[in-house]
Amino acid sequence: MSSQAPAPGVPLPAAARMPKAVDRVQVTRGLACLLLVLFHVVGGKADDGLRIADASIGRQILDVLLYVRMPLFAFISGYVYTLKPLDPARPGPFLQGKLRRLALPLLTATTIFYLAALARAPQPPAGAALGLLHAYVFSYGIYWFLQAMLLIFLLLPLLERFLLHSPVGCAAAVLAGFLLTVPAEPIDLLSINGAAFLAPFFFIGIAARRFIGPLGPGWTLALLAILVVAFALHIHNVATLPPHMGARRGTWLSLLIGGITPLLLVAHVPRVALLARIGHASFAIFLFHIFFIVAMRMLLRAIGIEDFAIHLLAGLAAAIAGPMLLEMLLAKGKTTRRLFLGLR
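Keep in mind that this is a model prediction, so the values were computed, not measured.

(A) Quick peek at the overall build of the protein. Per the secondary structure count, the protein includes 14 helices and 0 strands. For the protein, the α and β elements follow one another from N to C terminus as α-α-α-α-α-α-α-α-α-α-α-α-α-α. Here the C-alpha atoms of the protein give a radius of gyration of 20 Å, agreeing with the 20 Å that 2.2 N^0.38 yields for 344 residues. On the principal axes, the C-alpha backbone points of the protein span a range of 55 × 50 × 40 Å. Burial status across the protein gives 49% buried among its 344 residues. In the protein, of all internal contacts separated by at least 6 residues, the share reaching a separation of at least 24 is 80%. In the structure as shown, the protein presents an accessible area of about 15,900 Å², 72% of it carried by carbon and sulfur atoms. Side-chain charges of the protein comprise 28 positive and 12 negative groups, with the mean position of each set lying 12 Å from the other.

(B) Layout of the side chain of Thr 110. With respect to the secondary-structure elements, Thr 110 resides in helix 4 (residues 92–120). Setting aside residues no more than four positions away along its own chain, Thr 110 makes contact with Ala 135, Tyr 136, Tyr 140 and Tyr 143.

(C) Here's a closer look at the pattern of salt bridges. Tallying each qualifying case throughout the model produces 3 salt bridges. A salt bridge links Asp 54 to Arg 59; the shortest N-O distance between them is 3.6 Å. Residue Asp 54 is classed as partly exposed on the basis of its relative accessible area of 28%. The exposure class of Arg 59 is buried, given its relative accessible area of 1%.

(D) Examining the nonpolar core more closely. Counting residues in each nonpolar core, the largest one holds 94 residues, and the members touching the most others are Met 70, Phe 145, Leu 156, Leu 198, Phe 202 and Phe 203. Broken down by element, this core gets its largest block of residues, 11 residues, from helix 8 (residues 192–212). Membership of the second largest hydrophobic core comes to 6 residues, among which are Tyr 114, Ala 128, Ala 135 and Tyr 140.

(E) View of the environment of Gly 194. By the secondary structure assignment, Gly 194 is in helix 8. Classification of Gly 194 by relative accessible area gives buried; the value is 3%. Between the C-alpha atoms of Gly 194 and Thr 181, which are 13 residues apart in sequence, the distance is 7.9 Å. With residues up to four places along the chain from it excluded, the contact list for Gly 194 reads Trp 144, Ala 148, Asp 188 and Arg 249.

(F) Representation of the packing of aromatic side chains within the structure. Evaluated as defined, the whole model comprises 18 aromatic pairs. Ring centres of Phe 153 and Phe 202 lie 5.6 Å apart, and the angle between their planes is 85°; on these two criteria the pair is classed as edge-to-face. Taken as a pair, Phe 153 in helix 6 (residues 144–162) and Phe 202 in helix 8 lie far apart in primary sequence, 49 residues in all. Its relative accessible area of 0% is what places Phe 202 among the buried residues. Ring plane angle 75° and centroid distance 5.9 Å describe the contact between Phe 197 and Phe 201, whose orientation is recorded as edge-to-face.

(G) Spotlight on unusual backbone geometry. Positioned with a positive phi, Leu 190 is a non-glycine residue whose angle comes to about 50°. Note on placement: Leu 190 falls in the loop between helix 7 (167–180) and helix 8. Here the phi dihedral of Ser 191 falls at roughly 55°; this positive angle occurs in a residue that is not glycine. Tracing the chain through its elements places Ser 191 in the loop between helix 7 and helix 8.

(H) How the structure looks around helix 8. Over its 21 residues, helix 8 runs 28 Å from end to end, which matches the ideal 30 Å to within 8%, given 1.5 Å per residue. Counting buried positions over the 21 residues of helix 8 gives 16, a clear majority of the element.

(I) Expanded view of a nonpolar patch on the surface. Nonpolar side chains collect at one region of the surface, where Leu 175, Leu 179 and Trp 252 lie side by side and expose about 360 Å² of accessible area between them. Assignment of secondary structure puts Leu 179 in helix 7.

(J) Molecular detail of helix 12 (residues 282–302). Taking 1.5 Å of rise per residue, the 21 residues of helix 12 would be expected to cover 30 Å, and the 29 Å separating its terminal C-alpha atoms lies within 8% of that figure. Maximum bend of helix 12: about 55°, positioned at Phe 288. Residues Ser 282, Phe 283, Ala 284, Ile 285, Phe 286, Leu 287, Phe 288, His 289, Ile 290, Ile 293, Arg 297 and Leu 300 constitute the buried set of helix 12. Downstream of helix 12 by one or two residues, Gly 304 has phi in the positive range, about 85°.

Criteria and cut-off values
- Residues numbered from 1 in each chain as written.
- Predicted model: local features only at pLDDT ≥ 70, side-chain atom pairs only at ≥ 80, totals over all residues.
- Heavy atoms only, no water.
- Helix = DSSP H or I, 4+ residues; strand = E, 2+ residues; numbered from the N terminus.
- Rg over C-alpha atoms; globule rule 2.2 N^0.38 Å.
- Buried < 20%, exposed > 50% of the residue type's maximum accessible area, 1.4 Å probe, protein only.
- Contact = heavy atoms within 4.5 Å.
- Areas by Shrake-Rupley, 256 points an atom, 1.4 Å probe, with all protein chains shown as cover.
- Lys, Arg positive; Asp, Glu negative; His and termini not counted.
- Charge placed at Lys NZ, Arg CZ, Asp CG, Glu CD.
- Salt bridge = Lys/Arg side-chain N within 4 Å of Asp/Glu carboxyl O.
- Core = buried A, V, L, I, M, F, W, Y, C linked by side-chain atoms within 4.5 Å.
- Phe/Tyr/Trp six-rings, centres within 6.5 Å; stacked < 30°, edge-to-face > 60°.
- Expected span 1.5 Å × (residues − 1).
- Patch = residues over 30% accessible without salt bridge, like charges linked within 9 Å, V, L, I, M, F, W, Y side chains within 5 Å.
- Bend = angle between axes of the 7 residues up to and from the residue.

Here it is as structure tokens:
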């Protein structure tokens, strides 16, 4: 195994022997991939994706899952980080590894995504260049997550020294991130608002492995009861409030649901081999799934297929299988594996 902790979504070596709990983490990561892909296949707004109405049940289901999708990824990132944490006395090698693992693929994928958008809506050269620079340093499309995680990792040397070595310190870090979270996702420098949103779940992931350990039956039942009540209140909000108003960042329900769900999944999710395999390829799926979704949608519409179910299933299949195949191809070349996957 590499001397660096795996980057969020970057697969662990297939031959590595991992504890059973980590196997469940890969299954949980596979579930997170499916939820993310489902969201982008359907589309986040009524005029996007498969164009379902804001007031529809399908849209409400996506809103209900808001408190699960990205918190799952953040929790897993924190959980897996503890397998090979940084040395507070020598943070340099760790940070260099994270820059390679995250920053290079972030720049590459952002450039491709921006050029693809530019091809559909051309701009004058000066405007296009400024737009690309803006995409690099501000929240852009789906890649805000990687920017946000980079910010969190850059803060880790300080946090490890003063907070994350104790349960009370982890709790303080969770609370600080929660209080800094703003409800919306405005265009912001290096996705700092997204980092505040993800940070509590990342720290809960760290605490889960360092201080919580296996969940006994009593704790499992207690957490499950809290989660059921929180989900019931959340579903009520989504069903009764105006579209997109019932699922907002920075609420206590988001913290409870986003923190408890991965705890229970990591402890008890069935070890489904297919989901674990998807989890191992989650970094490539995150980076490239949107391209395969759009390509499949264009293909189906070009041949006259508009059926919702076909678009949904074909989009899901393409967005999972396509990046997995692409990852295998990119990993064969030294340059491509470094630029696109952040691997040595």
